[in-house]
Amino acid sequence: MKHVFFLDGQEIPFIPGQNVLEAAIAAGKNQQIPYFCFHPALGSLGACRQCAVKMYAHDSKHPPRITMACLLPASDGLQLVTLEDDVHTEHREIIELLMTNHPLDCPVCDEGGQCHLQDMTVQTGHSVRHYSGPKRTYRNQDLGPLVYQEMNRCITCYRCVRFYQDAAQGEDFGVFGSRNRVSFGRLEDGPLESPFSGNLVEVCPTGVFTDKVFRHDYVRVWDLQQGPSVCPHCAVGCNTTPGARLGTLRRIRNRIRPEINGHFLCDRGRYAFPYVTANSRPLQPRLMGETTRQDAVLRQLASRLEEGRSGFLGSPREDLQSNLGLFALADCLHAPFAAVTSSWAEALAQQCLALPQAPSLQEVAAADRIVVIGDLDSIAPMAGFAVRQALRQGARLTVLASSRTELAQKGDYRPLRPSALRDQVAQLADDPCLQGGRFPVLLATAETLGPSGLYALRKTLEKLPANARAGAFVNRPNLFGAAYFAADGHTERLQQALRQRKINHLLCLGADPLGEDWGAGTWRTLAPGLDGLTLLDMVDSETARSAEALIPVAAFPERAGLFVNYEGRIQAFSPVYRREALVLHSAVQGSGFPEAAGGLKHPIGPPPPLFWLGRLAEMLHLHEAWQKRLDFYLHFLCPERPDPEGPGVLLPDTIRARFEIAAVPATRTVTPEQWELDIFRWYGGETLADTADELHSLAPARGLRVHPDVQAVAATLHGPCGDLQLPVIACAEMVQGVIAIDQEGFAELGLYPGDPVEVSWEQRQ
Amino acid sequence: MSSPTSIVDLNDASLLARLQDLVAASPVPEAAISEVLQVLQKARGYIDGDALRLAASLTGLSPVRVEELCTFYSLVLREPVGTHVLRICDSIACHMAGAQDILTQARQHSGVDLGEVSRSGKLTVIPHVCIGLCDRAPALMVDDQALGPVDTQTLTRLLAQLEADIWKPS
Ligand code: SF4
Ligand code: SF4
Ligand code: FES
Ligand code: FES
């Protein structure tokens, strides 16, 4: 049955349970009802009194009365009016009250042009302030590098604190004072601690909280080029709206996607974007470290490929089409190809893919029994956010981890060594923590759990009720896409070919095999067998620095592409702007433009990987065959091209089923006396994000984290590929016997999470 | 609520025991926060940062939550005050009965801004929300004692008594 009420005589459809304002906004009628404190994701509060409507009763006994639309449940046949004088007066006078202390600073306010307060003030017709007394003023706080505060602009709608405390469950932000001296902020100056702090910028309907990174290179929002994109910083694939101007990216905003991120983004998703403007980003082709021209580097690469001794390495950091393009080229040349850098990572990807359909974050938020394995917030923050939403609805949370993470403090925490995680996961089916629920969900950080743990997770799932779901997360946007064509043993075959000198050249796409990627230790030992390495990438890395040829590629907001997220959801993104690059005159054919004058501004920045791969195929006279293969693979994985504005399409189960037969991963045994490795990450860390200065300034110090019962200042870890010396950081929240290091550390040692490790401690003097 | 003559150390065993008893007697630890703050304020004169953190850890609230309460309730002091605290109501009934004049007179007498300790160390004047004595407006509180109506003369007398340390609650 269709439900409707009437607003100024127009039918407004509603879903039972909605309030009048919510339904009116959903129907696009927000021009009639101004509002502030209501927010679709935060609900109603009735604090601002701005959303007045006049309600006519069905009988003549009750006179019409003015009431708040956000607090009025929508009901059939309700007659509401806003077009009468008393409603207008109410709207105008309330906004005048809210504006009593507001500074007249729209021209210098970062919110100007996208300000809900500005819009509502204009809409309601308030233009003259009758109050002539002194205005209340505040001292602003320094809230760190991401969010700027200007408290005088506050209208006390409480959206910020409802977001920060209730939705994000952060503990370092609150509302202080009473009466007309209410303020919102931290106990004392200092960076906001929540991984979701940047959302304050979007929930605040005024210019109190604005984007501090955008502020460094600000333009008015009506001058921004914007478009639909997908966050490239983890496997969740939150939808974003990048904004650019004059060839550079200025900011990232949320793009509402109910199934995934809803109205919000994590701080990595919002503030990692300066990787595209980082000085270290390669923008021009380099050959032996020297800047060169496109055709020179292509010629060099083509001649390498013609020798027929090349191997190909894709990456879960690159999008689906680019990986497929590389795969297709390898295929045409009958060359070995791998999508990930180590057999461990390959097994991990296969086990991730073999899991049955994962729940969307919207579904996670509706779960009533949740088990989180590892530090979810540090890998896929918005998945942690969804868990918090489930907690607000009374879900029961159990966290299995080697450290008491923030999420662990909100539920039942089971401290476990990484090697014990697998056994615990294997027994979860009979565990009381999952009993008695309607909808159990298990969420794992894939790397901490490891391939054998993920296998155990799948087996546990088979024993749980049919509606139980599981998801595995990594901080790569496309592990699930890259891995689809990584058959058993691909990586091993590629490394074998190198060992046996069948290949002497490696063409890598978005990978860092000599730096921080899994298995980098092994690659480093194989590197002497390489005559040359060519890298296509958008970020500076160890591999980029040692590559014979470096080919810059467009960053994600600068091109179209597809990512496959942790659910197997294929999402498309569109090019939002064209990067402009400064090109030295010597690099531009026939240009006499003097270098001293700053070179020539090239109108177009680096092209996407597919452009380079296509050109290569042409030069090798393989273009037709390459294109055919590429189209075929693409059609196979993604028969229906998703619309960037839509919810994406899910990979068919048949493709998923291919991976269920993958080899059962080997399990490692660790004795209780041995030190065990776990991975340490933080919510803002990820390869691209690490080059974003403001966000990276919040990164925790590098070191070896261990329980404080170890009295050492430093330690050396010994691994099969080398030693690693790190300062010791005592961490009371950690399980004894566990050592947590970053991914780079694992790469240097040649070890994986859950591995035993030899340690030499350097005792305190 | 006058300042204590000696400030109790936060590690004082009997103070801690008293606070722990309050928390234990409360149905949920958080619910004990206002009593915990009262006891701490009695013992130390005001809630300093350390006392705030102690209250937070005893009740399991975050320090931000405790500060929210402290700043919401105007009876909680977050800064040191003089020997006596004069809270002058400036809500509507008192405002209409001339509270502003009383407030101005008291502030001028103290010689410092509202909320600050007078030079003599005897007095802190704070504007305050309605103290429920609207029928005797303009009203004020001297430490724990409510008085009203107050006029210029009674205030002059009161201030003199406070300065001379001879004021007694009735
Ligand atoms: S700071 Fe912004 S979001 Fe918070 S109450 Fe004020 S206007 Fe509302
Ligand atoms: S959760 Fe992942 S995809 Fe979403 S905004 Fe954060 S980093 Fe990006
Ligand atoms: S939006 Fe309804 S009272 Fe604020
Ligand atoms: S208004 Fe002053 S006591 Fe109520």
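Per chain, residue numbering runs from 1 following the sequence as it is written. Key to labels: chains lettered from A, ligands numbered from 1, both in the order written. In keeping with the model being predicted, local features are shown solely for residues with a pLDDT of at least 70 and side-chain atom pairs are shown and tallied solely at 80 or more, while totals for entire chains, interfaces and linings include all residues. The basis for every side-chain value is the complete set of non-hydrogen atoms in the structure, without hydrogens or water.

**Focus: the site of ligand 1**
Short version of the rule: Whether a residue is near a molecule or strand depends on its heavy atoms: if one lies within 4 Å, it is near. Each residue gets one label: Ala, Val, Leu, Ile, Met, Phe, Trp, Tyr, Cys and Pro are nonpolar, Asp, Glu, Lys and Arg are charged, and the others, such as Gly, are polar.
Taken together, 13 residues are adjacent to ligand 1, and C154(A), C157(A), Y158(A), C160(A) and C204(A) come closest. Residues that form the shell around ligand 1 fall into these classes: 10 nonpolar, two polar and one charged.

**Side note on the domain arrangement of chain B**
Basically, it comes down to this: An automatic or database domain assignment supplies the start and end points of every domain.
Each domain of chain B was delimited in the assignment, giving domain 1 (13-72) and domain 2 (84-163). Taking only C-alpha atoms, the centre of domain 1 of chain B and the centre of domain 2 of chain B are 28 Å apart.

**Re the pattern of salt bridges**
Pairing between side chains of opposite charge can happen when their charged atoms approach one another. All names here are of chain A. The test is simple: The salt bridge criterion pairs a side-chain nitrogen of Lys or Arg with a carboxyl oxygen of Asp or Glu, the two atoms within 4 Å. Helix and strand definitions here come from DSSP, where helices need a minimum of 4 consecutive H or I residues and strands a minimum of 2 consecutive E residues; each element is numbered from the N-terminal end. When accessible area is computed with a 1.4 Å probe and restricted to protein chains, residues below 20% of their type maximum are described as buried, those above 50% as exposed, and intermediate ones as partly exposed.
Counted under the stated rule, the structure contains 46 salt bridges over all chains. The shortest N-O distance in the salt bridge between R559 and D319 comes to 3.2 Å. You can see R559 sitting in the loop between strand 25 (549-552) and strand 26 (561-564) and its partner D319 sitting in the loop between strand 16 (310-313) and helix 9 (320-332), a full 240 residues away along the chain. With respect to burial, R559 and D319 carry one shared label: buried. A salt bridge links R615 to E618, with the shortest nitrogen-to-oxygen separation between them at 3.9 Å. With R615 and E618 both in helix 20 (residues 609-619) and three residues apart, this pair spans about one turn of that helix. R615 gets classed as partly exposed once you look at its relative accessible area, which sits at 29%.

**What to know about the pairing of strand 25 of chain A**
All names here are of chain A. Test applied: Strands pair, by our definition, only if DSSP identifies at least two bridges between them.
Burial along strand 25 is two-sided: the face carrying A549 and I551 and the face carrying L550 and P552 are both buried. Strand direction decides the pairing type here: strand 14 (residues 286-287) and strand 25, joined by two bridges, are antiparallel. Its bridge partner being in strand 25, R286 is matched across the sheet by L550. Bridge analysis of strand 24 (residues 532-537) against strand 25 gives four bridges, and the strand direction is parallel.

**What to know about the domain arrangement of chain A**
Residues and elements named next belong to chain A. Heads up, the condition is: A 1.4 Å probe defines the accessible area here, and the buried area is the portion of it lost by two parts on being joined, summed over both.
The domains assigned to chain A are domain 1 (3-98), domain 2 (136-276), domain 3 (286-340 + 486-554 + 608-642), domain 4 (349-480) and domain 5 (675-763). Averaged C-alpha coordinates put domain 2 and domain 5 at centres separated by 31 Å. Summing the contributions of domain 2 and of domain 5, the shared interface buries around 1,200 Å²; its carbon and sulfur component is 68%. On the domain 2 side of the contact with domain 5, P145, R268 and Y275 bury the most area, a combined 38% of that side's loss.

**A closer look at the packing of aromatic side chains**
All names here are of chain A. The cut-off we apply is this: Here a pair means two rings of Phe, Tyr or Trp (six-membered ring of Trp) with centres within 6.5 Å. Their orientation is stacked below 30 degrees between planes, edge-to-face above 60, and tilted elsewhere. Comment: the charge-over-ring label is applied if NZ (Lys) or CZ (Arg) is within 6 Å of the ring centre and within 35 degrees of the ring normal.
Enumeration over the complete set of coordinates arrives at 26 aromatic pairs over all chains. Ring centres of F214 and Y218 lie 4.8 Å apart, and the angle between their planes is 50 degrees; this geometry places the pair in the tilted category. Classification of F214 by relative accessible area gives buried; the value is 4%. Clustering of aromatic rings is evident, with ring pairs tying together F327, F337, F632, Y633 and F636. The ring of Y148 has R215 lying over it, and the distance from NZ or CZ to the ring centre is 3.6 Å. The ring centre of F680 lies 3.8 Å from the NZ or CZ of R705, which sits over that ring.

**Details of the sheet that holds strand 26 of chain A**
All names here are of chain A. Spatial strand order, 26-27-30: three strands in an open sheet with antiparallel pairing. Either end of the sheet is taken by a strand with one partner, and the two such strands are strand 26 and strand 30 (649-650). Alignment of strand 27 (residues 569-573) against strand 30, held across two bridges, turns out to be antiparallel. The residue of strand 30 that forms the bridge with R569 is L650.

**Overview of the environment of L461(A)**
Residue and element names in this part refer to chain A. Applied cut-off: Working rule for contacts: check all heavy atoms of both residues, and any pair within 4.5 Å makes them a contact.
With respect to the helices and strands, L461 occurs in helix 15 (residues 446-463). Residue class for L461 comes out buried when judged on its relative accessible area of 9%. It is 8.7 Å that separates the C-alpha atoms of L461 and L442, two residues lying 19 residues apart in sequence. Excluding anything up to four places from it in sequence, L461 contacts P356, L442, A468, R469 and A470.

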